[in-house]
Amino acid sequence: MQKFEYVSPTTKEQAVALLGENWGDVEVLAGGTDLLSLMKDYITTPRRVVNLKGIAALSGVRYSASGLRLGALATFDDVLSNTAVRRNYPAIWAAVEGVTSPQIRAMGTVGGDLCQRPRCWYYRAGYGLLAKDETGHALVPDGDNRYHAILGHNSGAYFVNPSSLAPALIALAAKIGVYGPKGARQVDAAEFFRAPGGDGEREYQLSPNEIVTEVLVPAPGGMKNATYEVRQREALDWPLASASVALKLTGRNVGAARIALGHVAPVPWRAGAAESALVGKAVTEQTAAAAAEAALADAKPLSRNAYKVQLARVAVKRAILAAAG
Amino acid sequence: MKRLLDVLREDCRLTGTKEGCGEGECGACSVIVDGEVVNSCLIPVCQVEGSSVTTVEGLALNDQLSPLQRAFLEYGAAQCGICTPGMLMSAHALLLRRPHPIRNQILEAIAGNLCRCTGYTKILDAIAAVSSGNINKPDQSE
């Protein structure tokens, strides 16, 4: 690992003053579950690491009449052990429960889950976010792309967004609190992620000198919600596909729906067509399956991941049924 | 930079804690920091300043193995042994929090610990035996 300066501020103002102008110059440390591996493999070689764990104001999980606040430093354990989350936001609870390792749950944080880097093995092996060889040839389309994107890869980014929480936060219309030199701002969870154009960019809408401070989820207000993950094994692993659904029922029919998929695209994938397909209808096996079909209608699987299209359909259908149930 | 794991093994000479993957996936380096089981390979040592750290060496008391360690011995809950210290720490953390877990809770507690010999059954049996009090006292196991 390359040598670096380590600083441990106690306020967010101090923290952002220590950040850099360019990505990679300074890295932010919270739970460490992603950053240390990246540094050990020289995927990132910061000159300074800013430890956020000393900033008490960024921790905690709080539920009130106005909604839920997850501090950026709240651990997965903090979220799981909160009974209000379990009762009112099963989509969030289930997404966090899918992170199966007790060690990672004890260490991993909400902010870290949102800002973790892609798990694409080309990226982790040093070929960059867009996974190109020295001649500029993209490696993923004819390479081992079994876990890569089936949607939204026109831009040339083929990795999938690895966040467990993001689809649930998008379905629940959450906002992400950000702090930087110009003060605090909020970004819709649905707008927070982006497909980067190259290695000088990141997969989220932050400037290099901004940090995530909190996640704000509106009061459930009768939104029934659920997350369903399709995974290879129950123990520690990322899902192959996941879906989070929030439904407002008017009588038996769906009055409003928000549906987001995880692990299928470089960003958490909002499935507008599936939402439209569901609105005005009662939730049944058939309407849920039709919405799932609509969610994946534009899927463009790569050479080795056509199987993910069906897994993603299953995730959408079962998340809809679970939310309505 | 030294990770907590490096300091434990190289500076403190507490080599019970093992390095497996070095990426938080295998749990061989599990230790307990302030009551929580964590992967010591993912923690820069400066981040645990002022914290209380328990390693596998801390389970035995007055040269007597802990009930959990005795159960692992008695049930043959180790093959190559590399995962054993981490398994012990995860199981110890579980039993501190929940002295009488059901089998599924034991499974969940060791979900972050890989055994490449795939000897999970004996490990589960050993942990279950401690929870049910079904292990020999140290003087009987001689």
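Model, not experiment: these values are computed from the prediction.

Conventions adopted
- Residues numbered from 1 in each chain as written.
- Chains lettered and ligands numbered in written order.
- Predicted model: local features only at pLDDT ≥ 70, side-chain atom pairs only at ≥ 80, totals over all residues.
- Heavy atoms only, no water.
- Helix = DSSP H or I, 4+ residues; strand = E, 2+ residues; numbered from the N terminus.
- Rg over C-alpha atoms; globule rule 2.2 N^0.38 Å.
- Buried < 20%, exposed > 50% of the residue type's maximum accessible area, 1.4 Å probe, protein only.
- Areas by Shrake-Rupley, 256 points an atom, 1.4 Å probe, with all protein chains shown as cover.
- Lys, Arg positive; Asp, Glu negative; His and termini not counted.
- Charge placed at Lys NZ, Arg CZ, Asp CG, Glu CD.
- Domains from an automatic or database assignment.
- Contact = heavy atoms within 4.5 Å.
- Buried area = accessible area lost by both parts, 1.4 Å probe.
- Phe/Tyr/Trp six-rings, centres within 6.5 Å; stacked < 30°, edge-to-face > 60°.
- Lys NZ or Arg CZ within 6 Å of the ring centre and 35° of its normal.
- Pairing = 2+ DSSP bridges.
- Axes fitted to C-alpha atoms, helices over the stretch in contact; angles between N-to-C directions.
- Polar contact = N/O pair within 3.5 Å; in protein donor to acceptor, adjacent residues only side chain to side chain.

Novice: Tell me about the overall build of chain B, residues and numbers included.
Specialist: Per the secondary structure count, chain B includes five helices and three strands. In sequence order, chain B lays out its α and β elements as α-β-β-β-α-α-α-α. Against the globule reference of 14 Å for 142 residues, chain B gives a C-alpha radius of gyration of 15 Å, in line with a compact fold. If you line up chain B on its principal axes, its C-alpha atoms span 45 × 30 × 30 Å. The buried share of chain B, taken over its 142 residues, is 47%. Total accessible area on chain B is roughly 7,100 Å²; 49% of this is exposed by carbon and sulfur atoms. Counting 12 positive and 16 negative side-chain charges, chain B places the averaged centre of each group 4 Å from the other.

Novice: Help me get a handle on unusual backbone geometry, residues and values and all.
Specialist: Residue and element names in this part refer to chain A. Even without being glycine, Tyr 42 reaches a positive phi, approximately 60°. For Tyr 42, the position within the fold is in the loop between helix 2 (35–40) and strand 3 (48–51). One non-glycine residue with positive phi stands out, namely His 263, at about 70°. Within the fold, His 263 resides in the loop between strand 11 (253–262) and strand 12 (269–270). Overall, the relative accessible area of 4% leaves His 263 in the buried class.

Novice: Please give an account of the domain arrangement of chain B that cites residues and values.
Specialist: Residue and element names in this part refer to chain B. Along its sequence, chain B is carved into domain 1 (4–58) and domain 2 (59–132). Computed from C-alpha atoms alone, the centre-to-centre distance between domain 1 and domain 2 is 18 Å. In this assembly, 17 residues from domain 1 lie in contact with 15 residues from domain 2. Around 1,200 Å² of area is buried between domain 1 and domain 2 when both sides are counted, 60% of it from carbon and sulfur atoms. In terms of surface lost to domain 2, no three residues of domain 1 exceed Cys 26, Ile 32 and Val 56, which account for 35% of the buried area on that side.

Novice: Go over the packing of aromatic side chains with me, naming the residues and quoting the values.
Specialist: Residue and element names in this part refer to chain A. Throughout the structure, instances matching the rule amount to six aromatic pairs over all chains. Centroid distance Trp 121 to Tyr 147: 5.4 Å. Interplanar angle 55°. Geometry classified as tilted. Separated by 26 residues along the polypeptide, Trp 121 in helix 8 (residues 121–127) and Tyr 147 in the loop between helix 8 and helix 9 (166–171) bring together distant segments of the chain. Taken together through their ring pairs, the aromatic side chains of Trp 23, Phe 192, Phe 193 and Tyr 204 make up a single cluster. Its end group placed over the ring of Tyr 179, Lys 12 keeps NZ or CZ at 4.9 Å from the ring centre. We note Arg 86 situated over the ring of Trp 93; from NZ or CZ to the ring centre the distance is 4.0 Å.

Novice: Give a detailed account of the sheet that holds strand 2 (residues 36–39) of chain B, specifying residues and quantitative values.
Specialist: Residues and elements named next belong to chain B. The strand order across the open sheet formed by three strands is 2-1-3, and the pairing between neighbours is antiparallel. Edge positions in the sheet fall to strand 2 and strand 3 (53–54), since each has one partner strand and no second. Where strand 1 (residues 30–33) lies against strand 2, four bridges are found, and the strand directions are antiparallel. Looking at strand 2, one finds that Ser 30 is bridged to Asn 39. Of the strands in this sheet, strand 1, strand 2 and strand 3 are in contact with helix 3 (residues 84–97), which crosses strand 1 at around 35°.

Novice: Tell me about the side chain of Glu210(A), residues and numbers included.
Specialist: All names here are of chain A. Note that Glu 210 resides in the loop between helix 10 (189–192) and strand 8 (211–218). For Glu 210, a relative accessible area of 12% corresponds to the buried category. Reaching out from Glu 210, the side chain makes a polar contact with the side chain of Arg 185 at a distance of 2.8 Å. A distance of 2.8 Å separates a polar side-chain atom of Glu 210 from the backbone nitrogen of Ser 207. Those residues in contact with Glu 210 that lie beyond four places of it in its chain are Leu 19, Val 178, Tyr 179, Gly 180, Arg 185 and Gln 205.

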